[in-house]
Each structure stands twice: as structure tokens, then as C-alpha cells.
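# Structural overview
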Protein chains: 2
Amino acid sequence: MVTIALLGTHDTKGAELHFVREKLIQFGAKVRAVDMSTLREEKKYSPDHPPSRLAGLTGRSFEELSALPKAEASEVIVEGALKLLQGWLDGGELNGAIALGGGSGAAMACAVFRGLPLGFPKVMVSTIASGDVTHYVGTRDLTMVHSVLDITLNRITRPIFAAAAGAICGMARALPVEKGADKPLVAASMYGITQPCVFSLKEILENEGFEVVIFSAGGNGARALEELTAEEHIDGVLDITTTTMIDEIVGGIRGAGPGRLEAACSRGIPLLVAPGACECVNFGPPETIPEKFIDRIFIRHTATTTLMRATATEMRELGAKMAEKLNRARGPAALLVPLRGFSRYDEAGGPRAMDFAGNPAGTFHDPESDMAFLEGVKSTLNQERVRLMEPDLHINDEAFSKIVAEVFLSLVK
Amino acid sequence: MVTIALLGTHDTKGAELHFVREKLIQFGAKVRAVDMSTLREEKKYSPDHPPSRLAGLTGRSFEELSALPKAEASEVIVEGALKLLQGWLDGGELNGAIALGGGSGAAMACAVFRGLPLGFPKVMVSTIASGDVTHYVGTRDLTMVHSVLDITLNRITRPIFAAAAGAICGMARALPVEKGADKPLVAASMYGITQPCVFSLKEILENEGFEVVIFSAGGNGARALEELTAEEHIDGVLDITTTTMIDEIVGGIRGAGPGRLEAACSRGIPLLVAPGACECVNFGPPETIPEKFIDRIFIRHTATTTLMRATATEMRELGAKMAEKLNRARGPAALLVPLRGFSRYDEAGGPRAMDFAGNPAGTFHDPESDMAFLEGVKSTLNQERVRLMEPDLHINDEAFSKIVAEVFLSLVK
């Protein structure tokens, strides 16, 4: 028998949650209903776990909770619910979770879901599931069911809610999956402009018995790489495309927070880093670029992405920053700097760039500023602990991928 | 035994689709694998229904298909797959559908899914499920599973894919849902600024034995109202908030296409219309408003929505347009025009508006332009067929809701 947690605000969605509860029971599940209401404690459809219990798990009373501003009360409920579910999960007493909610109900339930492990079934039924769900789903395996109508019971929503109840039972019963012959899993970070490097690497390492999964190198992709590494899903990291770090320094839009590079370092798994695409700072369409960059040059990458060439000063700062992080690596680490360029855009003969006004203006090829990166690295890196190599190659040269693969294999041994 | 359609491009995602197929069979389902590839006909994992079959259903050969530009070939595949699935569905031979895909695979599969009926289980597994899914899900009950990583098989994606296979089996087995005591279902359109009217109406009609479901009056919500009405889920329509039609005329951003008001008219179900919020044209943040509206006045509704007061000329055109549509109603229809204002914003004593530059400038209260709407109506409406009433009330007056309810009940009889 599978056990399913049912989350929602029982004061406003009582009848609907009760309907899903009955369906879950009909489909053979044991239900633990968790009430995320912040306003009233008593209600018609009594849940198994009232908000006072959730508040209690965070060291508060329900009276304290209901006196808080709504946003703060929601945070307490999320914290309490996460503790409750995590406890059940640790005790092997939970196989899946489902929630119903409108905008604010979904915000609370998804915050709980994002705190649960990858691979644990989690289903959110909401009106918000047909819009921009970026901040609800984040980097997790959250399943979103669009309710089409508001969360009320009628002939249109009843089959949708029943199917969602069936879905979570089916998901819970589908797991765990037999492990199969899993190979060591290596994560690689890639942009289109470092693709030749990463694709060759993937081929070489897969022939050596590894499995390589590729993450997009910007924003959410890089965040997912860090999270999955921290959660021990990943056995080694080829962080070839570390471009989010230059966005953090200069103020581009695809940064991934200051924690970049840290998960692999603190776990001590093999880590090989290259400055892929680090000469490119990410912005949206040209009209969104801040005026202070009026003296810079740009490449229009797509309709929605414009890249700006980083300066020698910024590259030097980046080199020092990256070295500082690598110095803290608890396991084998190496930094490989390809002297002839960091992406398809800064190679000799790369595409034409434009100035702030949109007129043709040079290219991103600028060996001096790439050298400034290397100076930054050398000023800071503890070369006793972290191997530094400077192949006289471009990042997308096949020979570079071969060296990267060799060094990585030596780190793994 | 349930039968599940499995959709995807078997040339690029063969191993992953094969894994899901095996899981579906293990969970007791019969599988119909449909190959949406546009490039190659032969592949390692042979699907049950190759692309040549899909092309054939649209009157084309696979050779013709693969010679088309990618976007056109995709359209052919979508059309063929929809025909295939619809045929099985009509024959009672299909209980659910699941697809795996990246960006373009998801675009194809979701286009097929959006063509299938509401309440039919449909699951999409994709990387795109953690971003803006507006155009993938649309107004349908589509379930999105975030794959976290690209669609390749590894220890992270395998449990996610297996759970998704379990989900579609669970959804298929959960249906059909016992009908219960379904009451006649009435759809109402609402914005926050017509909420008092719609909430009173809902209460009155629910006491009379109806069930009232509320749709957001702009864009996707209004589109869903039309679609669900066309598909015969709805027994009567209270189209109180018809504001999308002024957006169509003036060029606002929350139009719902030219088909507005038409589903109820052509089905001949009871239809009661009011010009709720029609004096408001929708735009995004102030900086997005086109320069040509430099002489207008605005109300900042939220951080992301700015409303613009429509002129007498535009309101007159709207009145005529609405009357023209209602003249084609095949069933009982009525138009109720509240003479004292159409939303919370144009009532006497409504909130302060601002000019294009953002300085305080009057209010939306403008009885003359509201009268222009009524003139437009009267110039066109066939009052032999469509009842017109002009209560000397504001739309949000409780007395107005009572009149609306009475008229609606008389239409239903």
C-alpha cells in the first residue's frame, strides 16, 4: 500500500481536498492530509494534520501564526509542512505528495515540494499550471496539472482532480526503479558556443565507461548542476562552461548565484574547470542593455540574447575568484585554460561584433583580456593542490577535448 | 486493461521511448507507439505507427513529408497524429496519451494534446516544463512533468520517466468519474473590478440549483470560456465581463480573438451579456503603452497591468459589434446595460486616473461614452429577438445582480 500526503488550505478548498482524499482511498492509497491554512484552525473537513501541528514543528503556536502577515505565516506553514513530510520520508512512511491550490496555495505547496528529494513523486494541481511556472517548478521534478477552472468541484474539474489522484498513486507505485547497470555519472556544463568541446568530451568519456549529462551553462541550468551535485547524484563534474560567474561579476542576466563551483568542491568529487564562454556577459534584447555599457561591444546571439565582451579587468577578477573557489576543493581538481580562446565567439576569425548603437565594431577575439584571466588565476591559485594547464589551443579544438578527458581520467583514478 | 498512446520522435529519443514503453507494459497497459520523426523512417526502436502512416492520414507520402521545411513537416505530423488518436478515441480504444520530448518535440506533442478532449489524460515529459508553458498548455488539462535533465536515460531521469509512465496509467484507470448529482453548469466571466456583480449572481443562482464556474475575463480565460462552451460542457453563459472585445477593437493586450461571444450564440444555449469592464483597454506596465495613446488617461491596476479609458467612438463601435453577434444567437439571449457604469473604475467617485506622463488626470467616470456604447447597440440590435434592458444602476450594485439573475432564469425556462 502506498502512502500519499495531501496538501492544501482546508479552509478554502475543503470540499475539493475531501474529494481527492476519497479518490486516493478508492485507488488503494493511505492518505495523510496536511492543512496549510493560515487563518482558521477549525473547519468542516478536518485534516489529519492541522496548521497548529505545522506551526508547532517550527516552535510556534497557531495563535502566533495567524497573527503574522500573510507572507510570513505562509513561510512558517511551508517550513512546518516540509519538516513533517521530511520526517515521514526519512521513516520510509511516504511514497508521494499531491496538492491542490490557486496562486498562493500553489506557491506554498510548491515551496514544500521543491524541498523534497529528486525522484520523489510530487503533483501540483492548479490554475497557474498554464502560465510561467519558472518559480514554482524551479530545478525540480515537479508535475503540474492544469485545473483549467478555479479549484472548485464541478463536472469539468472532477475528472481532472480524479485523474490527478490516479497520477500520484501511479507514480508512487512505479518506484523505486531497478538500478540497472548505472555507470558513473559525470555532469558537463555547455552553451552552444562551447558545444564542440563538450560533445567530443562526452563521446570520449562515454567510451571510457562514464555517462555524461549536459546542463545548460546559464541561470537555472547551472543552478540545477550545483543542486544535483550537492545532493550526490553526480560522481564528477566537467565544468567547462563557467560563464555564469562573469555575469555575477559584471551584472549580466544569467548568473546562478554566488554558490557556483562550490558543490563539487565541498563534496570533494573530481572537478575539472575551464573558462568556457567566460568572455561573454549575457543580456536580453539590445534595448535592455544598461547605458553604463555604452563603450562596449556586443554580439547579437539570438532575438532574446545579446552577449557583451568582458574587459581585461573583469577577466582578471574572474580568474582570481575562480582560483579562490578551487583552492577550497576537498577533492582532486584541475583548471584548464585554452590560450587561443574560450568560446566560438572569441576565436580568431570569430563573428563581427557591434557597438552600443548597433554599428559593426570589431570582434570578441582579444587574447590580452584572456591572458588577464590567466594572470588573475596565477595570482591566487594554490598550484600545489590544484593542477593548472594552459594548452595553446582553442576550447573547441578537438585536441583540447582530448587533453581535458585525459586530465579528468587522471583525477578520477 | 487501459490503452496508452506513446508519442515522440523515435529517431532521436528511441531508447527513452522504449524505456517508457516497457514501463507502461509492466504497469499493465497496452501501448500504441506513434513516431513523430520528420527526418528518418527507419530506426532501431521501431514504433507501431511510423511517420509514413501519419503522413498518409493527411494524404501525403513520407518522401513528401521529409522534403518539407521542418516547421511544415511538423504541422503534417501533428495533423496526422491527431487524426490517428482521435480515431482510436472515437472507437473507444484509447484511455490516455504520454509524450517525451525536448523543445520541438514538446511543441508537436502538445499541439496534438490540445486537440484532444478535456478530461482525457495527457502527460508531457519535457525540459520545457519549468519555464513559461503558456503556449504549450493553452486552455487544456495538460499534465507537464519536468524532466530536470535533457531527455536521455540515466539514474536521475529513469525514476522520473518511470513515474510519468505510472502517472498516465493511474490517470487512465481513475476515469471515468461517476457523474454524481451534476447541476446545470453556468459559466460567468469576471475581472476583479466586476467581482461584486459576479459573486452575488453566483450566490443567487446556486440557491436556484445551478452551479456557477467563473472564468477570468481576459485572454486565455475568455478563450477557455469559448472553448468549453463550444464543446458542450456549459449549459448557460453569464458573459458579464466582455472586456476582451474592446481590446480587440482598440489594440489592447488581453484580447481573446474575434470569436468572442460566438460559442454560446451558435450553440443556442441561454446567454446573458453585459459590458463589464468594457471601458478598460488592457496594457502592460506604463512604459509598454504605444505612443499613439499619448492623449488618453490610464489607471495603474497592478505592477503589470495598466488600463486605458476607451473613447465614445470606440464604445459606440463596440456596442454595434456586440449587437451584431447577439443578432446571430440561435437561442434565448439578452443584453443588460447598467447605465451607471461598467466596472469599479468608471463609477462616480472611482479612483484617480493619470495621463500618459503619469500625472494625476481625472477619473474613468464618463457617462457620455457609456451612452455611446448604448447608441451603438441600439443602432444594430434586433430587439425582436434579443432582449435589451437598461437598468439605472451600476454593474456592481446588488440590485443589478438581482435583475441579471431574474432575466437569466427567464431565459432558461
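For clarity, every value in this text was computed on a predicted model and none was experimentally measured. (Residues numbered from 1 in each chain as written. Chains lettered and ligands numbered in written order. Predicted model: local features only at pLDDT ≥ 70, side-chain atom pairs only at ≥ 80, totals over all residues. Heavy atoms only, no water.)

### Re the overall build of chain A
- When its secondary structure is counted, chain A shows 14 helices and 16 strands.
- Considering only C-alpha atoms, chain A reaches an extent of 70 × 50 × 40 Å along its principal axes.
- Put simply, of all contacts in chain A between residues at least 6 apart along the chain, 71% involve residues at least 24 apart.
- Total accessible area computed for chain A in this model is approximately 15,800 Å², and 50% of it derives from carbon and sulfur atoms.
- Distance from the positive charge centre (42 side chains) to the negative charge centre (52 side chains) of chain A: 5 Å. (Helix = DSSP H or I, 4+ residues; strand = E, 2+ residues; numbered from the N terminus. Contact = heavy atoms within 4.5 Å. Areas by Shrake-Rupley, 256 points an atom, 1.4 Å probe, with all protein chains shown as cover. Lys, Arg positive; Asp, Glu negative; His and termini not counted. Charge placed at Lys NZ, Arg CZ, Asp CG, Glu CD.)

### As for the pattern of salt bridges
Residues and elements named next belong to chain A.
- Summed over all chains, the structure comprises 36 salt bridges over all chains.
- Arg260 is paired through a salt bridge with Asp239; the nearest N and O atoms lie 2.8 Å apart. Of this pair, Arg260 sits in the loop between helix 10 (244–250) and helix 11 (262–267) while Asp239 sits in strand 8 (residues 236–239), placing them 21 residues apart in sequence.
- Exposure remark for Arg260: the relative accessible area of 2% places this residue in the buried category.
- In this structure, a network of salt bridges that share partners links the residues Arg140, Glu227 and Glu231. (Salt bridge = Lys/Arg side-chain N within 4 Å of Asp/Glu carboxyl O. Buried < 20%, exposed > 50% of the residue type's maximum accessible area, 1.4 Å probe, protein only.)

### Topic: the sheet that holds strand 1 (residues 3–8) of chain A
- Spatially, 2(A)-1(A)-3(A)-4(A)-5(A)-5(B)-4(B)-3(B)-1(B)-2(B) is the arrangement adopted by the 10 strands of the open sheet, whose pairing is mixed. Each edge of the sheet is formed by a strand with only one pairing partner; in this case those strands are strand 2 (30–35) of chain A together with strand 2 (30–35) of chain B. Shown here is a sheet whose adjacent strand axes are inclined to one another by a mean of 20°, direction ignored.
- With four bridges connecting them, strand 4 (residues 122–126) of chain B and strand 5 (residues 143–146) of chain B associate as parallel partners. Looking at the pairing, B:Ser126 lines up with B:His146 of strand 5 of chain B. (Pairing = 2+ DSSP bridges. Axes fitted to C-alpha atoms, helices over the stretch in contact; angles between N-to-C directions.)

### Description of the domain arrangement of chain A
Residues and elements named next belong to chain A.
- Each assigned domain of chain A is listed here: domain 1 (3–174) and domain 2 (185–412).
- For domain 1 versus domain 2, the distance between C-alpha centres works out to 39 Å.
- Each partner contributes to the interface: domain 1 provides five residues, whereas domain 2 provides seven residues.
- Of the roughly 450 Å² buried where domain 1 meets domain 2, counting both sides, 49% is carbon and sulfur surface.
- Looking only at domain 1, the three residues that lose the most surface to domain 2 are Leu118, Thr139 and Arg140, adding up to 86% of its buried area.
- On the surface where domain 1 and domain 2 come into contact, there are two salt bridges.
- Across the pair Glu227 and Arg140 runs a salt bridge whose closest N-O atoms are separated by 3.2 Å.
- The tally of links from domain 1 across to domain 2 stands at three residue pairs in polar contact (both at pLDDT 80 or more).
- Each residue belonging to the side of domain 1 that touches domain 2 can be placed in one class, and the counts come to one nonpolar, three polar and one charged. (Domains from an automatic or database assignment. Buried area = accessible area lost by both parts, 1.4 Å probe. Polar contact = N/O pair within 3.5 Å; in protein donor to acceptor, adjacent residues only side chain to side chain. Nonpolar A, V, L, I, M, F, W, Y, C, P; charged D, E, K, R; others polar.)

### Digging into the sheet that holds strand 11 (residues 297–300) of chain B
Residues and elements named next belong to chain B.
- The strand order 10-12-11-14-15 describes an open sheet built from five strands, whose pairing is antiparallel. This sheet does not close on itself; its edge strands, each paired only once, are strand 10 (280–283) and strand 15 (360–363). Direction aside, neighbouring strands of the sheet carry axes that sit 45° apart on average.
- Inspection of the sheet shows strand 14 (residues 352–355) paired to strand 15 by two bridges, in the antiparallel sense. For Met354, the partnering residue across the bridge sits in strand 15 and is Pro360.

### Structural notes on the packing of aromatic side chains
- Counted according to the given criterion, the structure contains nine aromatic pairs over all chains.
- Ring centres of B:Phe210 and B:Phe408 lie 6.2 Å apart, and the angle between their planes is 65°; this geometry places the pair in the edge-to-face category. Taken together, the residues span a long stretch of sequence, with B:Phe210 in the loop between helix 8 (195–207) and strand 7 (211–216) and B:Phe408 in helix 14 (residues 398–412) at a distance of 198 residues. Neither residue differs from the other here; B:Phe210 and B:Phe408 are each classed as buried.
- Directly above the ring of A:Trp88 sits A:Arg32, whose terminal nitrogen or CZ lies 4.6 Å from the centroid. (Phe/Tyr/Trp six-rings, centres within 6.5 Å; stacked < 30°, edge-to-face > 60°. Lys NZ or Arg CZ within 6 Å of the ring centre and 35° of its normal.)

### A few points about helix 14 (residues 398–412) of chain A
Residues and elements named next belong to chain A.
- Helix length check: helix 14 (15 residues) gives 21 Å between terminal C-alpha atoms against 21 Å at 1.5 Å per residue, within 8%.
- All buried positions along helix 14 are accounted for by Phe400, Ser401, Val404, Ala405, Val407, Phe408 and Leu411.
- Of the surrounding secondary structure, the elements contacted by the buried residues of helix 14 are strand 6 (185–190), helix 8 (195–207), strand 8, strand 9 (271–273), strand 13 (333–336) and strand 16 (386–389). (Expected span 1.5 Å × (residues − 1).)

### Let's talk about the packing of helix 1 (residues 14–26) of chain B against helix 7 (residues 157–174) of chain B
All names here are of chain B.
- Between helix 1 and helix 7, the shortest axis-to-axis distance is 9 Å and the interhelical angle comes to 45°. Put simply, helix 1 runs oblique to helix 7. Every pair of crossing elements has a handedness; the one defined by helix 1 and helix 7 is right-handed. From helix 1, Glu16, Phe19, Val20, Lys23 and Leu24 reach across to helix 7, where they touch Arg158, Phe161, Ala162, Ala165, Ile168 and Cys169.
- When grouped by side-chain class, the residues that make up the contact of helix 1 with helix 7 number eight nonpolar, no polar and three charged. (Parallel < 35°, antiparallel > 145°, perpendicular 65-115°, else oblique. Left-handed = near helix turned anticlockwise from the far one by under 90°.)

### Examining helix 1 (residues 14–26) of chain A
Residues and elements named next belong to chain A.
- An ideal rise of 1.5 Å per residue puts 18 Å on 13 residues; helix 1 measures up with 18 Å between its terminal C-alpha atoms.
- Where helix 1 is buried, its residues touch strand 1, strand 2, strand 3 (96–100) and helix 7 (157–174).
- Note on helix 1: the residue one or two positions beyond its end, Gly28, has a positive phi of about 90°.

### Notes on the relation of the copies chain A and chain B
- The operation relating chain A to chain B is a screw motion whose rotation component is 180°, with 0.1 Å of axial translation and a residual RMSD of 0.1 Å. The transformation relating the two chain copies, once decomposed into turn and shift, fits a two-fold axis.
- Both copies present the same face, since 100% of the interface residues in chain A are matched by interface residues at the equivalent positions in chain B. (Least-squares fit on C-alpha atoms with pLDDT ≥ 70 in both.)

### A word on the environment of B:His18
Residue and element names in this part refer to chain B.
- Within the secondary structure, His18 sits in helix 1.
- The exposure class assigned to His18 is partly exposed, which follows from its relative accessible area of 31%.
- Residues His18 and Phe298, spaced 280 residues apart in sequence, show a C-alpha to C-alpha distance of 56 Å.

### What to know about the nonpolar core
- The biggest cluster of nonpolar side chains holds 154 residues, and the ones touching the most others in it are A:Leu24, A:Ile98, B:Leu24 and B:Ile98.
- Residues contacting B:Leu24, with those up to four places away along its chain left out, are B:Ile4, B:Ala29, B:Val31, B:Ile98, B:Ala165, B:Ile168 and B:Cys169.
- In this structure, A:Val112, A:Leu116, A:Ile128 and B:Met108 belong to the second largest nonpolar core, which totals 72 residues. (Core = buried A, V, L, I, M, F, W, Y, C linked by side-chain atoms within 4.5 Å.)

### What to know about the pairing of strand 5 of chain B
- Going residue by residue along strand 5 of chain B, you find B:Thr143 and B:Val145 tucked away on one face and B:Met144 and B:His146 tucked away on the opposite face as well.
- Of the strand pairs in this sheet, strand 5 (residues 143–146) of chain A and strand 5 of chain B are connected by three bridges, and their pairing is antiparallel. Bridging across to strand 5 of chain B, A:Met144 finds its partner in B:Met144.

### Regarding the environment of A:Ala172
All names here are of chain A.
- Residue position: Ala172 is located in helix 7.
- For Ala172, a relative accessible area of 5% gives the class buried.
- Distance from Ala172 to Ser52, taken between C-alpha atoms, is 28 Å for residues 120 residues apart in sequence.
- In contact with Ala172, other than residues within four places in its own chain, are Val2, Ile4, Asn95 and Pro121.

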